[in-house]
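Summary of the model geometry
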Amino acid sequence: MTKIEEFIDGVLKGDRRSIAKTITLIENNLPEAQKALSLLYPHTGGAHIIGVTGPTGSGKSTLIHRLVAELRKRGKKVGVVAVDPTSPFSGGAFLGDRVRMQELSTDEGVFIRSMATRNTPGGVARATKDAVKVLDASGKEVVIVEAVGAGQSEVEIMKIAQTIVVVLAPGLGDDIQAIKAGLMEIGDIFVVNKADRENVNKAVVDIEAMLDMNPEKEKWRSPVVTTTAIAGEGIIELLDKIDEHRKYLEAGAIEIRRRERIETELVEVIKEKVAESIVEDLKRKGQLDEVVRKILSRETDPYSAADMLLAKRLKGFKTR
Amino acid sequence: MSSERRIRVLVAKPGLDSHDRGAKVIARAFRDAGMEVIYTGLRQTPEQVVETALQEDVDVIALSILSGAHLALFPRIMELLKQRGLNDVLVFAGGIIPKEDVPHLKEIGIAEVFGPGTRTETLVKFIQENMRKGK
């Protein structure tokens, strides 16, 4: 067996070292990454993938810790991918989500991986989707992705998760009304955490009001759950809602969403491959500098330059 | 599709230290040097340290200890690392560790021991040089 086949074999058996090494391989886009993903793909699709997002300070990590503990009581195997932002200046990252999940490290039925966004926009890393696939293929029944809710578009989490949980907390400095519309639209379940604080009821009412205003795209009306994660309250209710959503998805909605997700993913992969191969070709032939120079001196513009380059390389290619 | 490879460092506090100011300072310094730093908080058992290093597939473990329990905890950590097949990880230590204990620690596989007042630049360079060498 090649090294890759050994890793994949290990992943399918749930071997932690294999899982860790395979995720690294994929995250760093090493040459065998694609082969690894192709080998794993047929074994994915079994896990329920939950995305947890929301503003910083709402208690996502603590909440996830409690969710995992409860899932473990129910005998489920769980994977967690915790994403934190990469510093745009240094390229480094402080990945501290595990602090809230300390004793889970030695639980055989839990695998936790911290990832940096590496400047992918949208609160998750480009490789997060693939890390989830590895955990899925390794037999985890639930995979939780903790996304960065740092105020950009949270659309990326939708490409990965089946059930999206938006975690808010009262008194975070902005009124619920100020929460971006995008966040309100992607939540399948809303959680008001830190429910021991003041203004909890107001927060719940505000969220319900905003949900009332959203046009009903599907038959699922997002419930609002209150929790106090640090005390372990509201966790069972939340898990029940998550489970309800999973049943709702399995009754039909899941196919539509899955199809959309797969189409989006395919388009992205195509874009990346095309761009990369063309740019590499340009660099190899020493043509990139020349084109850039022409754009700098305004002899041409980026759009015409791209058309010209693509027309040469993609026979019969017509652009808008 | 190129994703830059980053050095992944686990900053771990085994034992019963009551504060982690120093550990957090170096964690931030490593982040500012472009590394991805996993920090797991206070009161880690050797099992937790090694399990975290395994799941996170780290390149480096920086052990921070103030309580004097290094002679009890470090050998256990090194043994567990070996058991789990983590033979390529660079391990070094810092905090309050008496000079006379250093040779023994080096014998069991701790690459270097840094005392209080070590500049963060020294630590960053140490890691970068060892990564370059391919450990």
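What you see is a predicted model; the values in this text were computed from it and never measured. (Residues numbered from 1 in each chain as written. Chains lettered and ligands numbered in written order. Predicted model: local features only at pLDDT ≥ 70, side-chain atom pairs only at ≥ 80, totals over all residues.)

1. A closer look at the environment of His48(A)
All names here are of chain A. Locating His48 in the fold gives a position in strand S1 (residues 48-53). Remark: the alpha-carbon pair of His48 and Val78, spanning 30 residues in sequence, is separated by 9.7 Å. For His48, the contacting residues outside a window of four places in its chain are Glu141, Val142, Gln162, Thr163 and Arg246. (Helix = DSSP H or I, 4+ residues; strand = E, 2+ residues; numbered from the N terminus. Contact = placed C-beta atoms within 7 Å.)

2. Observations regarding the sheet that holds strand S5 (residues 112-114) of chain B
One key point about sheets: their strands pair by backbone hydrogen bonds, in either a parallel or an antiparallel sense. Taken in spatial order, the 6 strands line up as S3(A)-S2(B)-S1(B)-S3(B)-S4(B)-S5(B) in an open sheet, and their pairing is parallel. Of all the strands in the sheet, just strand S3 (93-95) of chain A together with S5 of chain B have a single pairing partner and so form its edges. Direction aside, the axes of adjacent strands within the sheet are offset by 20° on average. Direction of pairing for strand S1 (residues 8-12) of chain B relative to strand S3 (residues 60-65) of chain B: parallel, over a ladder of 4 bridges. Residue pairing across strands places Leu10(B) opposite Ile61(B), the latter belonging to S3(B). (Pairing = 2+ DSSP bridges. Axes fitted to C-alpha atoms, helices over the stretch in contact; angles between N-to-C directions.)

3. Examining helix H1 (residues 3-13) of chain A
Residue and element names in this part refer to chain A. All of the buried residues in H1 are Phe7, Ile8 and Val11. Each buried residue of H1 lies within a common arc of 95° when the element is viewed along its axis, so the set occupies one face. Buried residues along H1 sit against helix H2 (16-27), helix H3 (33-40) and helix H5 (128-137). Residue Gly14 follows H1 closely and has a positive phi angle near 85°. (Buried ≥ 20, exposed ≤ 12 C-beta atoms within 10 Å, placed from the backbone. Arc of directions from axis to C-beta.)

4. Concerning the interface of chain B and chain A
One frequently used descriptor of interface size is the decrease in accessible area upon assembly of the parts. Facing the 30 residues of chain B at the interface are 32 residues of chain A. Breaking the side of chain B that touches chain A down by element, the ones donating at least two residues are helix H1 (21-32), strand S2 (36-39) and helix H2 (46-56) of chain B. With 7 residues, H2(B) is the single largest residue contributor to the side of chain B that touches chain A. By the bridge criterion, 3 bridges tie S3(A) to S2(B) in an arrangement that is parallel.

5. Here's the deal with unusual backbone geometry
If you check the backbone angles, Lys194(A) has positive phi at about 55° while not being a glycine. Relative to the elements of secondary structure, Lys194(A) occurs in the loop between strand S7 (189-192) and helix H8 (200-213). Exposure remark for Lys194(A): the 25 C-beta atoms within 10 Å place this residue in the buried category. One non-glycine residue, Asp57(B), lies in the positive phi region at around 50°. On the secondary structure map, Asp57(B) appears in the loop between H2 and S3.

6. What about the packing of H1(A) against H2(A)?
Residue and element names in this part refer to chain A. Between H1 and H2, whose axes approach to 7 Å, the crossing angle comes to 125°. On the basis of their axis angle, the class for H1 and H2 is oblique. In this structure, H1 meets H2 at a crossing whose hand is left-handed. Seen from H1, the contacting residues are Phe7, Gly10 and Val11; seen from H2, they are Arg17, Ser18, Ile19, Lys21 and Thr22. (Parallel < 35°, antiparallel > 145°, perpendicular 65-115°, else oblique. Left-handed = near helix turned anticlockwise from the far one by under 90°.)

7. Some details on the sheet that holds S7(A)
Residues and elements named next belong to chain A. The 7 strands are arranged S4-S2-S5-S1-S6-S7-S8 in an open sheet whose pairing can be described as parallel. In the strand order of this sheet, the two ends are held by strand S4 (110-116) and strand S8 (224-226), each with one partner. Adjacent strand axes in the sheet meet at a mean angle of 20° when their direction is disregarded.

8. Let's talk about the domain arrangement of chain A
All names here are of chain A. Domain assignment breaks chain A into domain 1 (1-43) and domain 2 (45-251). Distance between the C-alpha centres of domain 1 and domain 2: 26 Å. Each side of the interface is counted separately: domain 1 has 12 residues, and domain 2 has 12 residues. Those elements that provide at least two residues to the side of domain 1 that touches domain 2 are H1, H2 and H3. Examining the composition of the side of domain 1 that touches domain 2, we find that 6 residues originate from one element, H2, more than from any other. Considered class by class, the residues forming the side of domain 1 that touches domain 2 number 7 nonpolar, 3 polar and 2 charged. (Domains from an automatic or database assignment. Nonpolar A, V, L, I, M, F, W, Y, C, P; charged D, E, K, R; others polar.)

9. Considering the pairing of S1(A)
Residues and elements named next belong to chain A. When you tally the buried positions in S1, you get 6 out of 6 residues, the bulk of the element. Covered by surrounding structure in S1 are His48, Ile50 and Val52 together with Ile49, Gly51 and Thr53, the residues of both alternating faces. Bridge count for S1 against strand S5 (residues 142-146) is 5 bridges, and the pairing is parallel. Opposite Gly51, over in S5, you have Val145 as the bridge partner. The pairing of S1 with strand S6 (residues 163-168) spans 4 bridges and is classified as parallel. The residue of S6 that forms the bridge with Val52 is Val165.

10. Things to note about the packing of helix H4 (residues 60-73) of chain A against helix H9 (residues 235-284) of chain A
Residue and element names in this part refer to chain A. At a minimum axis distance of 10 Å, the contact between H4 and H9 shows a crossing angle of 75°. It follows from the interaxial angle that H4 and H9 lie roughly perpendicular. When H4 is examined against H9, the residues Arg66, Leu67 and Glu70 are found in contact with a partner set consisting of Ile235, Ile236, Leu238 and Leu239. Across the contact of H4 with H9, the residue classes tally to 5 nonpolar, no polar and 2 charged.

11. Some thoughts on the nonpolar core
Membership of the largest hydrophobic core comes to 112 residues, with the highest contact counts inside it found for Ile144(A), Val145(A), Val191(A), Val9(B), Val11(B), Val37(B) and Ile61(B). Here this core spans two domains, and each of domain 1 (1-43) and domain 2 (45-251) of chain A adds at least three residues to it. The contact partners of Val11(B), leaving out residues within four places of it in the chain, are Ala23(B), Ile26(B), Ala27(B), Val37(B), Tyr39(B), Ala62(B) and Ser64(B). (Core = buried A, V, L, I, M, F, W, Y, C linked by C-beta atoms within 7 Å.)

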